[in-house]
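# Residue-level structural notes
The chain contents come next:
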Amino acid sequence: MRAHKASATARVIAGACVMHHEQFPRDPRVSPEMSAMCWCFLQSCAADRALAASAGYVSMQRLWRWIERMTLPGIVSHYLNRKARIESRLRDLLASNAIAEVYVLGAGLDTLAARLAPAFPHVSFIEIDHPATQSVKREGLARVGDLAKNLTLQPCDLQTTLPASLSKKPGASRVVIAEGLLMYFKAARVQEILNAALGEGNTRVL
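We now turn to the structure provided with this report. It should be emphasised that the depicted structure is a prediction, and the values quoted were computed from it without experimental measurement.

To continue, consider the pairing of strand 3 (residues 151–155). Sheet topology note: the strand 2 (residues 124–129)/strand 3 ladder contains five bridges and is parallel. Across the sheet, the residue bridging to Glu127 is Leu153, located in strand 3. Considered for its hand, the β-α-β crossover made up of strand 2, helix 7 (residues 131–144) and strand 3 is right-handed.

Here you go:
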């Protein structure tokens, strides 16, 4: 992964969210706020700006949908359904006032924590991801506005390091989100990540 450049997967998913909202603005799976944030995240380099801009042209939308059908049919709906399900479950848990911390591992250019942090100021939201991707995300969030005080971006290469903050704090209830992440690691590393995330006490993994 290059410095100051987000992972290819993160950029593709962000672009897919922008494109889907352009095509289907009433689909609740991609809100205007979510689309706008993804667009801001795709402004750090010429290639990403071109990707974001292409989402607004019908001819390019058709091309991207054709590529999807030829390579991974239904993958965009898979991404959106997965995100919607995770967000619905997380909102339910947050509404119960039973959660003190939300960790998002390998957050990429996902908007979930950035969107929910202002609405739940009593909850700590921590994103952990590769420094290159987080550099791009910080730039994008600066375009969106001020970073919520309860949102922390913690750079870390999970392939080689487990941040100390991931260790379970005694008595703290938490949600750990590992969306589309663990399949990139070997089984032993997955076990290490889960052991660190779960620790002891009340932890849910989404």
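Once that is clear, we can look at the packing of helix 1 (residues 8–23) against helix 5 (residues 75–95). Helices that pack against each other are described as a pair by the angle of their axes relative to one another and the distance between those axes. The geometry of helix 1 relative to helix 5 is characterised by a closest axis approach of 10 Å and an angle of 90° between their N-to-C directions. Taken together, helix 1 and helix 5 sit at an angle that is classed as roughly perpendicular. In this structure, helix 1 uses Ile13, Ala16, Cys17 and His20 to contact helix 5, whose residues at the interface are Val76, Tyr79, Leu80 and Lys83. Its residues placed into classes, the contact of helix 1 with helix 5 shows six nonpolar, one polar and one charged.

If you trace the five strands from one edge of the open sheet to the other, you get 3-2-1-4-5, paired in parallel fashion. Edge strands, defined here as strands with exactly one partner in the open sheet, are strand 3 and strand 5 (203–205). Averaged over all pairs of adjacent strands, the angle between their axes in this sheet comes to 15°, without regard to strand direction. Relative to strand 5, strand 4 (residues 174–177) is paired through three bridges, and the arrangement is parallel. Each residue of the ladder has a partner; that of Val176, found in strand 5, is Val205. Contacting strand 1 (101–105), strand 2, strand 4 and strand 5, helix 5 runs over the sheet at an angle of about 170° to strand 4.

Thresholds applied
- Throughout, a residue's number is its position along its own chain's written sequence, starting from 1.
- Where totals are concerned, whole chains, interfaces and linings use all residues; where local detail is concerned, this predicted model gives features only for residues with pLDDT of at least 70, and gives and counts side-chain atom pairs only at 80 or more.
- Side-chain numbers here rest on the full set of heavy atoms in the structure, without hydrogens or water.
- Strand pairing follows a simple DSSP-based rule, namely that at least 2 bridges must link the two strands.
- Runs of H or I in DSSP of at least four residues are treated as helices and runs of E of at least two as strands, each being numbered from the N terminus.
- Here a crossover is taken to be right-handed if, once the strands point away from the viewer, the path from the first strand over the helix to the second is traced clockwise.
- Between N-to-C directions, angles cover 0 to 180 degrees, with each direction set by a line fitted to C-alpha atoms, over the stretch in contact for helices.
- Small angles under 35 degrees read as roughly parallel and large ones over 145 as roughly antiparallel, with 65 to 115 read as roughly perpendicular and the rest as oblique.
- Note on contacts: a residue pair qualifies if any of its non-hydrogen atoms lie within 4.5 Å across the two residues.
- Under the scheme applied, nonpolar residues are Ala, Val, Leu, Ile, Met, Phe, Trp, Tyr, Cys and Pro; charged residues are Asp, Glu, Lys and Arg; polar residues are all the others, including Gly.

These results come straight from atomic positions and should not be treated as a statement about function.
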